Amino acid sequence: MYMRNHPTLRRLFDHRYLLLLLLFTSAIYFKGITPSFSSDDFVHLENNTHFDGLADASEVFIKPYGREYRPLVRLSLWLNHQMGDTALAYKISNLLMHLLCIALLYGLMLRLGIAKNIALIASSIFALHPIHTTSVLFILGRTDLVAAVFYLATLYCVAGWKQAPGFVQHAITFIWFAAALLSKELSITLPALMLAILLFQQQSVSLMNIVRNLIRLWPYALTALIYVIARLYQWQSMPAAVAVYSDFSPLHIVTNYVEWAFALLYPFDLYVAREWQMLHSHWFIALALMACLILATVAVYIWRPTAARLVRSPLLWLGLIWIIVTLIPMSGGNSHRWYLYLPSAGLSLMLAAAWPATFAHRRRLLNLLLALTVVIYSGETLRQAYIWHKQSNINERLLSDAETNELRQHAAIAIANMPLGYKSAFLFTHSSFEEALRVRYGSSPKIEVLNYLNLDGQNPVGVEHSADGIRFRITPNAHRYFRLRNMQIFFDKNDPYPQGDFTLRIDQLDNAGRISVYTLQPPTPVQTPIYYFDGEHFKRLVEF
């Protein structure tokens, strides 16, 4: 009884179901907490773990890293490096940040006046959404995690402001706000969400109220503006590096938002869905329309009596604005699924608006659908955790192969069929195999990657010598099996593609533009040893 009366223990007991959710989420992700690094992890390890001490590491606040300025993310990598040479500390830290984000979102919803049971249901959707596995299990996914922690902490503070927050409240809020800006560029949207939170709590969108809150938020808006100007000035010297993030044409933006909406709502493997879209476009469209019709019918049945109330719900619009606004900074780039980590919290807010706007006898159906969604999310997230576990085993095997393989004895080599990833998890992209060898063994040959394969359960690779080169036969799969080194994955005709001194000629395509036969034509004379991945190991080509 004494323990129940202790203030701290009483608060924990009051939120015991949140603690159970955090424990369950940890169990779902546990299999993916492996000791192996992946892909771009290695270049960041090379550049962020060599500092001799905290004073030396503080240079991350002074020197931008390429086109990025994310010093708190870099500092977190260095701190994890002090805990061991494997990826375990990094991935455990990622998981802990995800759990903290769940708790902050839950706390934010409570401060917005949402009932505990509804906040818990909505938080579970965020906690277990399979779109988050990359952010949690890919070490560099922590960019979104670190930013989300400070982003949510800022909004949590704002939601606790009274009519006239004092200096201390502003100071604490500004610390979290500045930390968010020092974590990722999407945090420039924070002033807009801070304004939306204040308007929601005041239940007024009058012009006078908006102006009053803008005056209250001017230090944050000014800081964000100065940050944007500084970043634009920095990017002037690197137009090629930022070009891939600056296509703000209406068609590109709309396409990105449509793909993000699909990724948020579709709970299964996105690669398989895209494969269906390419191979069976008519069936895909028919099934998608049927699914939309079923969802629309269910939604009409559940909310038709309260549709007007739901549409007028400020919380529903807050959730929708949350999704749209937090994606604006990334809308000029690619529609990567990991961009959805923070925006997906808006989905939870929309759910929190929809649940109480449901009549009691129809709420049973909604609860059944929510329970089914949580089960599907949990199963898919668990499946992806197992994929990352298998990826770790493959990664370690390939790096161990390199230790016993003579490929490390050369000054420079070329590699065909570089393993890009395993299903939806990452192995080696761009120069990451070379960086991985330097991180693991201290040195590496200069590696010229000729093309990539993305691995599946079975990866048969046939090799034969022809009069004009080496012919490879592969079996395409749902994970875009073949890529050129510029990451091109779509092809519409048999063409040669120069790859440095080599030429890669496409010999056979299927109806979806997937390569099944291609020929590698080396230069004459051959200057560097050529290796290829046969689906299991690296092997050297000794005849031409």
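This section reports on the structure supplied with the text.

Rules used in this analysis
Residues numbered from 1 in each chain as written. Predicted model: local features only at pLDDT ≥ 70, side-chain atom pairs only at ≥ 80, totals over all residues. Heavy atoms only, no water. Helix = DSSP H or I, 4+ residues; strand = E, 2+ residues; numbered from the N terminus. Rg over C-alpha atoms; globule rule 2.2 N^0.38 Å. Buried < 20%, exposed > 50% of the residue type's maximum accessible area, 1.4 Å probe, protein only. Contact = heavy atoms within 4.5 Å. Lys, Arg positive; Asp, Glu negative; His and termini not counted. Charge placed at Lys NZ, Arg CZ, Asp CG, Glu CD. Axes fitted to C-alpha atoms, helices over the stretch in contact; angles between N-to-C directions. Parallel < 35°, antiparallel > 145°, perpendicular 65-115°, else oblique. Left-handed = near helix turned anticlockwise from the far one by under 90°. Nonpolar A, V, L, I, M, F, W, Y, C, P; charged D, E, K, R; others polar. Pairing = 2+ DSSP bridges.

**Things to note about the overall build of the chain**
Next up, step 1: Within the chain, the regular secondary structure consists of 23 helices and 13 strands.
Next up, step 2: The C-alpha radius of gyration of the chain comes to 25 Å, within 12% of the 24 Å expected for a compact globule of 544 residues.
Next up, step 3: Viewed in the frame of its principal axes, the chain has a C-alpha envelope of about 80 × 60 × 55 Å.
Next up, step 4: Within the chain, the fraction of its 544 residues that count as buried is 50%.
Next up, step 5: Counting contacts in the chain only where the partners sit at least 6 residues apart, residues at least 24 apart contribute 74% of the total.
Next up, step 6: Charge-centre separation for the chain: the mean point of 44 positive side chains lies 16 Å from the mean point of 34 negative side chains.

**Quick look at the packing of helix α6 (residues 71-81) against helix α10 (residues 142-159)**
Next up, step 1: Contact pair α6 / α10: the axes reach a minimum separation of 10 Å and the direction vectors enclose 110°. In terms of axis orientation, α6 runs roughly perpendicular to α10. Crossing of α6 against α10: the hand is right-handed. Side by side, α6 and α10 meet where Leu72, Val73, Ser76, Leu77 and Asn80 of the first sit next to Arg142, Thr143, Val146 and Phe150 of the second.
Next up, step 2: Of the residues assigned to the contact of α6 with α10, the class counts are 5 nonpolar, 3 polar and 1 charged.

**Concerning unusual backbone geometry**
Next up, step 1: Cis geometry marks the peptide bond from Thr524 to Pro525, where omega comes out at -5°.
Next up, step 2: Of note in the backbone geometry, Asn417 takes a positive phi value of approximately 60° without being a glycine.
Next up, step 3: Locating Asn417 in the fold gives a position in the loop between β1 (412-416) and β2 (418-422).
Next up, step 4: Taking relative accessible area as the criterion, Asn417 reaches 0% and is therefore assigned buried.
Next up, step 5: Notably, His430 is not glycine yet its phi reads approximately 50°, a positive angle.
Next up, step 6: Its place among the elements puts His430 in the loop between β3 (425-426) and α23 (432-441).
Next up, step 7: Accessibility expressed as a relative area gives 48% for His430, which makes it partly exposed.

**Observations concerning the sheet that holds β3**
Next up, step 1: Ordered in space as β3-β2-β5-β8, the 4 strands form an open sheet in which the pairing is mixed. Whereas interior strands pair on both sides, the edge strands pair on one side only; in this sheet they are β3 and β8 (482-484).
Next up, step 2: Note that strand β5 (residues 451-455) and β8 share 3 bridges and pair antiparallel. Residue Leu453 lies in a different strand from β8, and its bridge partner there is Phe482.

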